[in-house]
Amino acid sequence: MQPPEATILRELLARDGDFVSGSRLAELLEVSRVAIWSHMEKLRNDGFHFEARPRCGYRLQATPRELSPLFLQALLPAETAPVHFREEVDSTNSEAERLLAAGSPAPFVVVGRSQTRGRGRLGRRWHSGDSGNLYLSFAFQPGLPPQRMQSFTLWMGTAICHFLNTSERVPAGIKWPNDLLIDGRKLGGMLTEARVDSDQIRDLVFGLGLNVNGSREDLPAELREVATSIAALTGRTLCLNRFAAALLVRVFSAYREFVRGSHLSEFQELWPLYDTLAGKPVTARQGNLSHTGFARGIDGDGCLLIERPDRSTLRVSAGDVTLEKEAAS
Ligand code: BTN
């Protein structure tokens, strides 16, 4: 059940800047007008601005710029899976794992304002200050065999790139296996972690870090040349709550499509549009081994295909891939 303030916000948002009477809100929540007044005070303290006019009621004038759990909830369709908001957390992936272990029913999403131990692939750290970026972990219990999940992160990344390009005019691409890039710089990263039980994926946590409104100065010096944010690149500061709400809806629907298997034709069509490595010279490193060649897309299992100098094709299922200096492909 959503808090009363989220119900009030939902009603005010639906009126799109028009007044809503106090008695309508009181009726909706089945509480007194005095109770409505105190909910409005709470919303004011959370950064919402209202015009209150006698005989007309309230209308929404301004909303908070930073992440607001109430605003996020009010913007999401009522049937969306629960959102667990954390002001500060070690890692939203770890928090999602703890919630699953404690019996919270999936699906749900953990949204963190900041993380103290945000983590990336291969044990790397994910810089996670409170600077207008998103740290999200989606928890699912797909009950599917692990082989079915091989291309999961690639599909989710593709769906997110398509959302960014089409809904937000952000020209993001995906770098196999888990990076989201703009202009060759890192915009975001995905970290999928699974718990397997008797040959089935019991718990699946899909972590997504996305640099939205953070500025270059917010980044540690070593990341300033390699990372970027939507705001740094486009000069536009996005409404973080509206952006997050639309993104959450897309991620949940992309997951449902994946589980049903109805994503396949869209995946095949979209992957080449967003594949930042396609046709480029790359080196794949797996432990002590490294292989150089030209990237030639992915196969049905999500393995990266590399065409080697002898024209043979190498399938890479894990590891790190770096772009080599461009030569003729
Ligand atoms: C990578 O690029 O290696 C993946 C980075 C994934 C970062 C996100 S931020 C939200 C979630 N919580 C974490 O600790 N990691 C993921």
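Above this text you will find the structure in question.
Quick caveat: nothing in here was measured; it's all calculated off a predicted structure. (Residues numbered from 1 in each chain as written. Predicted model: local features only at pLDDT ≥ 70, side-chain atom pairs only at ≥ 80, totals over all residues. Heavy atoms only, no water.)

Caption draft 1: Expanded view of the pairing of strand β13 (residues 313-316). Burial of β13 is one-sided: the residues Leu314 and Val316 facing one way are buried, the residues Thr313 and Arg315 facing the other way are not. Pairing of strand β12 (residues 304-307) with β13 involves four bridges; the strand directions are antiparallel. Note that in β13 the partner of Leu304 across the bridge is Val316. Here β12 hands over to β13 after five residues, with Arg311 in that stretch at a positive phi of 75°. (Buried < 20%, exposed > 50% of the residue type's maximum accessible area, 1.4 Å probe, protein only. Helix = DSSP H or I, 4+ residues; strand = E, 2+ residues; numbered from the N terminus. Pairing = 2+ DSSP bridges.)

Caption draft 2: Focus on the nonpolar core. Membership of the largest hydrophobic core comes to 63 residues, with the highest contact counts inside it found for Leu134, Phe206, Phe243 and Leu247. Looking at this core, the element that brings in the most residues is helix α8 (residues 240-260), giving 11 residues. Among all residues touching Leu247, those that are not within four sequence positions of it are Leu134, Leu136, Ile160, Phe163, Leu208 and Leu210. Within the second largest apolar cluster, 18 residues are counted, among which are Leu9, Met40, Phe48 and Phe71. (Core = buried A, V, L, I, M, F, W, Y, C linked by side-chain atoms within 4.5 Å. Contact = heavy atoms within 4.5 Å.)

Caption draft 3: Highlighting the pairing of strand β9 (residues 200-210). Counting buried positions along β9 yields nine of 11 residues, so the element is predominantly enclosed. Sheet topology places strand β5 (residues 134-140) next to β9; seven bridges connect them, and they run antiparallel. Bridge pairing in β9 places Ala139 opposite Val205. Connecting strand β8 (residues 185-197) to the next strand, β9, in antiparallel fashion are two residues, including Ser198 with a positive phi near 35°.

Caption draft 4: Examining helix α3 (residues 33-45) more closely. For α3, with 13 residues, the first-to-last C-alpha span of 19 Å sits near the 18 Å given by 1.5 Å per residue. Looking at α3, one finds that the buried residues are Ile36, His39, Met40 and Leu43. For α3, the arc enclosing every buried residue in end-on projection is 105°, short of the 170-degree limit, so these residues lie on one face. With respect to the buried face of α3, the exposed residues turned more than 90 degrees away are Val34, Trp37 and Asn45. (Expected span 1.5 Å × (residues − 1). Arc of directions from axis to C-beta.)

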